[in-house]
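Structure at a glance
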Amino acid sequence: MSVTPALDLRGIEKSFGSVTVLHDVAFSAYPGEVTALVGDNGAGKTTLVKCIGGIHAFDAGEYRFEGRPVRIGSPREATRLGIEIVHQDLALCENLDIVQNLFLGRERRRGLTLDETAMEEMARSTLSGLAVRTMGSVRQRIATLSGGQRQTVAIARAVLWDSKVVILDEPAAALGIAQTQQVLEVVRRLADKGLAVVLISHNMNDVFAVSDRIAAMYLGRMVAQVRTSDVTHRQVVELITSGASGELGLRR
Amino acid sequence: MSTDIPEGKETALKLADSDFATDRREHDVKSAVLDYWNRLKAGELGALPALIGLASLFVLFTFLKPDTFLSTGNIANLSTQALPITILAMGLVFVLLVGEIDLSAGVASGLCAALMAKLLVEGGQPWYVAVISAIAAGIIIGTAIGWLVAILRIPSFVVSLAFFLGLQGITLWLIGEGGTVPVRDEVIVALATRNMPIWLGWTLAVACAVGYTATQLLRWQRQHARHLHSKPIELVLIQCGVVAAVLLGATYVLSLDRAASPLIELAGIPWGVPLVGTLLIVCTFILGRTSFGRHIYAVGGNAEAARRAGINVVRIRISVFMIGSGLAAISGILAASRLNSVAVSAGAGNTLLYAVGAAVIGGTSLFGGRGKARDAVFGGLVIATIENGLGLLGTKAYLSFLITGVVLLLAASMDALARRRRSNVGR
């Protein structure tokens, strides 16, 4: 494997007070691939993601971005590098339309006024780049969109800014079957465009449908990072529930 | 391995695609009207209740008082009556948009007017010094409220209630118990009691109508040329036609001689009307066309999302209170101009409730995130019409209070119901 990982973490330690949440965690994500991050509740997935996104500072460990060692002290620094996190609650303003949400806080301006024309055109091209056959009108309010459409808007916002790593926290948690498929298709499309995508999910069907690699966590440890094609459904479930499966995972 | 969506799931994908309706870039009139109807059904009422309310009030009062209500004199009176409420409401729209409330806006307007009157009468200052000081005082009051709300996170309801009491105290101290300060400065008095020359009124009205039509058409043309989302041209033209008709019609009525005696001539648009017009244009521009305005809506819609998007939520919160109290000061000046004096009770009593009512009747939501500057104008006209009509009918004071209270309650319940409807419709 000669490809440099977009994101490469080694020996990450993190504790809150006396509770160790992450213990010697290694994690990498490659451009053009979807890496599924799986683990039971409390395994440390969210903490790891928050460390990657600069929301938490880790206590020890090495953080490499595109091969360079970096220090990320705040969410802003992560964003500047091109790391975007789509949180589970999406953080969209329901009273604003799709274009307005996509550009929220980073509006295009022409002199004193907003450049609505440029923003609408860019929003349209980003959404069609995600193979969303445009959602009706990009001038619809978020309040009128379905859950899957909202998720797509949140993802589109993450990729609008030339980002390199996109982390999705349970994008399909609250969605129906058809909408989940829609979002998974978008996730796949992101990786095909060359981004490194990290997908947190509890749903094994989704993980196997869309991911190239699986990183399984168990009680604050990274127990295995494998290619999706090398493992079975049952093995991954075992890794999540007991931290080991045959050759894989923690030594007993 | 192949990481495409596995075989056998194509049906699901198709289903998902149909979820994203095909894009209709060109709306024709039929689909635009249908869209509007669907939005209405979904609880996006906009200015419709205010317009229906205004129309029915006009019919009602014309029916009850056929000779006086629609007389040119009363129409002119109505227009100046609406001025202070409208400006106060316009400031409150900003505050309501971020989901806060400023209960002290009314008494702040009274205090600023008292300060202006004091500077004019006892300070001997020219009118512009007095006016600028009054507006500055308003902005300072707003900054203080905004700071307490945004930094200390005290609920704005409590902060502004405290200011409601405290500011009345300052006004009382400034003017002295039971007193009034007369306002005789020519320029100030002219705002609400003198009229523009008729030629100037017509020029401004025509300029506004042409300007509005030109902006709308230019925008339509730009959107259309680039295949962006645009309204059908027919609707744009109708909209421009209605605005032009209202502008010119009002100018015509106000340009008729309304003097009671044939010996003098009294005609023209009161000077305060173009002032409100200017404020309306400026506020609409700020809210609709600048990133500051966009951020106000964002904070009102979802403050956490706005914060994560890098918007300085604290700054937005403070600035809306500054705008609210600054406009309250201007409203106080107009009220003083109309009455030729400032009393201790200026801005107290039901002033604030009328203004909040105006904003809400106009379509601004009490829950934040929804509203426009024009809401203040429509709502202000409704409230002023009620006040004016009841006055003509010689309604007893207790009835006026009751009726206005019921109207406010109606507006607020409509807002709450529309909101519930919206959250039900959200799929």
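Chain B has the name Xylose transport system permease protein XylH in an unreviewed UniProt entry, where Actinomadura livida is given as its organism. Per UniProt, the comment on chain B under Function (unreviewed entry) is "Part of the binding-protein-dependent transport system for D-xylose. Probably responsible for the translocation of the substrate across the membrane." Of the comments in the UniProt record for chain B, the one headed Subcellular location (unreviewed entry) reads "Cell membrane".

As annotated in an unreviewed UniProt entry, chain A is ATP-binding cassette domain-containing protein from Actinomadura livida.

**Let's talk about the overall build of chain B**
Along its length, chain B carries 17 helices and 2 strands. Taking 427 residues into account, the globule formula puts the C-alpha radius of gyration at 22 Å, and chain B, at 24 Å, falls close to it. Each of the 427 residues in chain B was classed as buried or not, and the buried ones make up 44%. Only carbon and sulfur atoms are counted for the fraction: they give 68% of the accessible area of chain B, which is about 20400 Å².

**A word on the overall build of chain A**
For chain A, the helix and strand inventory stands at 8 helices and 14 strands. Taking 2.2 N^0.38 as the reference for a compact globule, 252 residues should give roughly 18 Å; the C-alpha atoms of chain A span a radius of gyration of 18 Å, in line with that estimate. Each of the three principal axes of chain A carries a C-alpha extent, and together these read 60 × 40 × 35 Å. Pairs at least 24 residues apart make up 66% of the contacts formed inside chain A by residues separated by at least 6 positions. Approximately 10100 Å² of chain A is accessible, and the part contributed by carbon and sulfur atoms is 47%. Side-chain charges in chain A split into 29 positive and 28 negative, and the spacing between the mean points of these groups amounts to 2 Å.

**Description of the packing of helix α4 (residues 72-97) of chain B against helix α14 (residues 313-339) of chain B**
Residues and elements named next belong to chain B. Packing of α4 against α14 leaves a shortest axis separation of 6 Å and a crossing angle of 165 degrees. Considering the angle they form, α4 stands roughly antiparallel to α14. For the crossing formed where α4 meets α14, the hand is left-handed. Across from Asn77, Thr80, Gln81, Leu83, Pro84, Ile87, Leu88, Met90, Gly91, Phe94 and Val95 in α4, the residues of α14 making contact are Val320, Phe321, Ile323, Gly324, Leu327, Ala328, Ile330, Ser331, Leu334, Ala335 and Arg338.

**Re the pairing of strand β2 (residues 19-29) of chain A**
It is a general feature of regular strands that their side chains alternate between the two faces of the sheet. Residues and elements named next belong to chain A. Examined bridge by bridge, strand β1 (residues 7-16) and β2 share 7 bridges and lie antiparallel to one another. Each bridged residue has a counterpart across the sheet, and for Lys14 the counterpart in β2 is Leu22. Remark: 2 residues form the turn of the hairpin made by β1 and β2, two consecutive strands paired antiparallel; Gly17 in that turn has positive phi of roughly 60 degrees.

**Some remarks on the sheet that holds strand β5 (residues 68-69) of chain A**
To summarise the sheet geometry, strands pair through backbone hydrogen bonds and adopt either a parallel or an antiparallel arrangement. As summarised here, the arrangement of the 4 strands in space is β2-β1-β4-β5 (chain A), forming an open sheet in which the pairing is antiparallel. On the outer flanks of this sheet lie β2 and β5 of chain A, each paired with one strand and no other.

**Section: the sheet that holds strand β12 (residues 221-227) of chain A**
Residue and element names in this part refer to chain A. Read across the open sheet, the 6 strands follow the order β6-β9-β10-β3-β11-β12; overall the sheet is mixed. This sheet does not close on itself; its edge strands, each paired only once, are β6 (83-86) and β12. For this sheet the average axis-to-axis angle between neighbouring strands, irrespective of direction, equals 20 degrees. Relative to β12, strand β11 (residues 213-218) runs antiparallel, the two being bridged by 6 bridges. Note that in β12 the partner of Tyr218 across the bridge is Arg221. Sheet strands touched by helix α1 (residues 45-52): β3 (34-39), β6, β9 (165-169), β10 (196-200), β11 and β12. Its angle to β3, the strand with the most contacts, is close to 135 degrees.

**A look at the packing of helix α15 (residues 351-362) of chain B against helix α16 (residues 373-393) of chain B**
Each pair of packed helices can be summarised by the angle the axes make with each other and by the distance between the axes. Residue and element names in this part refer to chain B. Interaxial distance between α15 and α16 falls to 7 Å at its minimum, and their mutual angle equals 120 degrees. With respect to their mutual orientation, α15 and α16 come out oblique. Here the hand of the crossing between α15 and α16 comes out right-handed. Touching Tyr354, Gly357, Ala358, Ala359, Ile361 and Gly362 of α15 are Asp375, Ala376, Gly379, Gly380, Val382, Ile383 and Glu387, all from α16.

**A closer look at the pattern of salt bridges**
In total, this model carries 24 salt bridges over all chains according to the counting rule given. Put simply, Arg10 of chain A and Asp8 of chain A hold a salt bridge, and the shortest N to O gap is 2.9 Å. Owing to a relative accessible area of 46%, Arg10 of chain A belongs among the partly exposed residues under this scheme. One salt bridge in this structure joins Glu238 of chain A and Arg234 of chain A, with 2.7 Å as the shortest N-O distance. Taken together, the positions of Glu238 of chain A and Arg234 of chain A, both in helix α8 (residues 233-242) and 4 residues apart, correspond to about one turn of that helix. One network of salt bridges, in which partners are shared, links Asp97, Glu116, Glu120, Arg124 and Arg139 of chain A together with Arg294 of chain B.

**Observations regarding the layout of surface pockets**
In this structure, the second largest pocket encloses a volume near 800 Å³. Taken together, 26 residues form the lining of the second largest pocket, with Pro75, Thr79 and Glu84 of chain A together with Arg308 and Ala309 of chain B sitting closest to its centre. Every element with two or more residues in the lining of the second largest pocket is listed here: α2 (75-81), β6 and α5 (147-159) of chain A together with α13 (303-308) of chain B. Each residue belonging to the lining of the second largest pocket can be placed in one class, and the counts come to 13 nonpolar, 5 polar and 8 charged.

**Notes on the nonpolar core**
Looking at soluble globular proteins, one finds that nonpolar side chains tend to be buried together. Membership of the largest hydrophobic core comes to 92 residues, with the highest contact counts inside it found for Met90 and Met116 of chain B. Among residues more than four places away in sequence, those in contact with Met90 of chain B are Val276, Leu279, Leu280, Cys283, Leu327, Ala373, Ala376 and Val377 of chain B. Membership of the second largest hydrophobic core comes to 36 residues, among which are Val34, Leu114, Leu130 and Val153 of chain A.

**Description of the environment of Thr351 of chain B**
Looking at where Thr351 of chain B falls in the secondary structure, it is placed in helix α15. Taking the C-alpha atoms as reference, Thr351 of chain B lies 8.8 Å from Ala105 of chain B; in sequence the two are 246 residues apart.

**Notes on the side chain of Ser28 of chain A**
All names here are of chain A. Tracing the sequence through the fold places Ser28 in strand β2. Under the relative-accessibility criterion, Ser28 is labelled buried at 13%. Residues contacting Ser28, with those up to four places away along its chain left out, are Pro5, Leu7, Asp8, Thr35 and Gln225.

Criteria and thresholds
Residues numbered from 1 in each chain as written. Chains lettered and ligands numbered in written order. Predicted model: local features only at pLDDT ≥ 70, side-chain atom pairs only at ≥ 80, totals over all residues. Heavy atoms only, no water. UniProt positions renumbered as here; feature names shortened; annotations may be inferred. Helix = DSSP H or I, 4+ residues; strand = E, 2+ residues; numbered from the N terminus. Rg over C-alpha atoms; globule rule 2.2 N^0.38 Å. Buried < 20%, exposed > 50% of the residue type's maximum accessible area, 1.4 Å probe, protein only. Areas by Shrake-Rupley, 256 points an atom, 1.4 Å probe, with all protein chains shown as cover. Contact = heavy atoms within 4.5 Å. Lys, Arg positive; Asp, Glu negative; His and termini not counted. Charge placed at Lys NZ, Arg CZ, Asp CG, Glu CD. Axes fitted to C-alpha atoms, helices over the stretch in contact; angles between N-to-C directions. Parallel < 35°, antiparallel > 145°, perpendicular 65-115°, else oblique. Left-handed = near helix turned anticlockwise from the far one by under 90°. Pairing = 2+ DSSP bridges. Salt bridge = Lys/Arg side-chain N within 4 Å of Asp/Glu carboxyl O. 1 Å grid on protein atoms, 1.4 Å probe; cavity = no way out; pocket = protein on both sides within 12 Å on 5 of 7 lines; lining within 4 Å. Points joined across faces, edges and corners; volume = space filled by probe spheres on them. Nonpolar A, V, L, I, M, F, W, Y, C, P; charged D, E, K, R; others polar. Core = buried A, V, L, I, M, F, W, Y, C linked by side-chain atoms within 4.5 Å.

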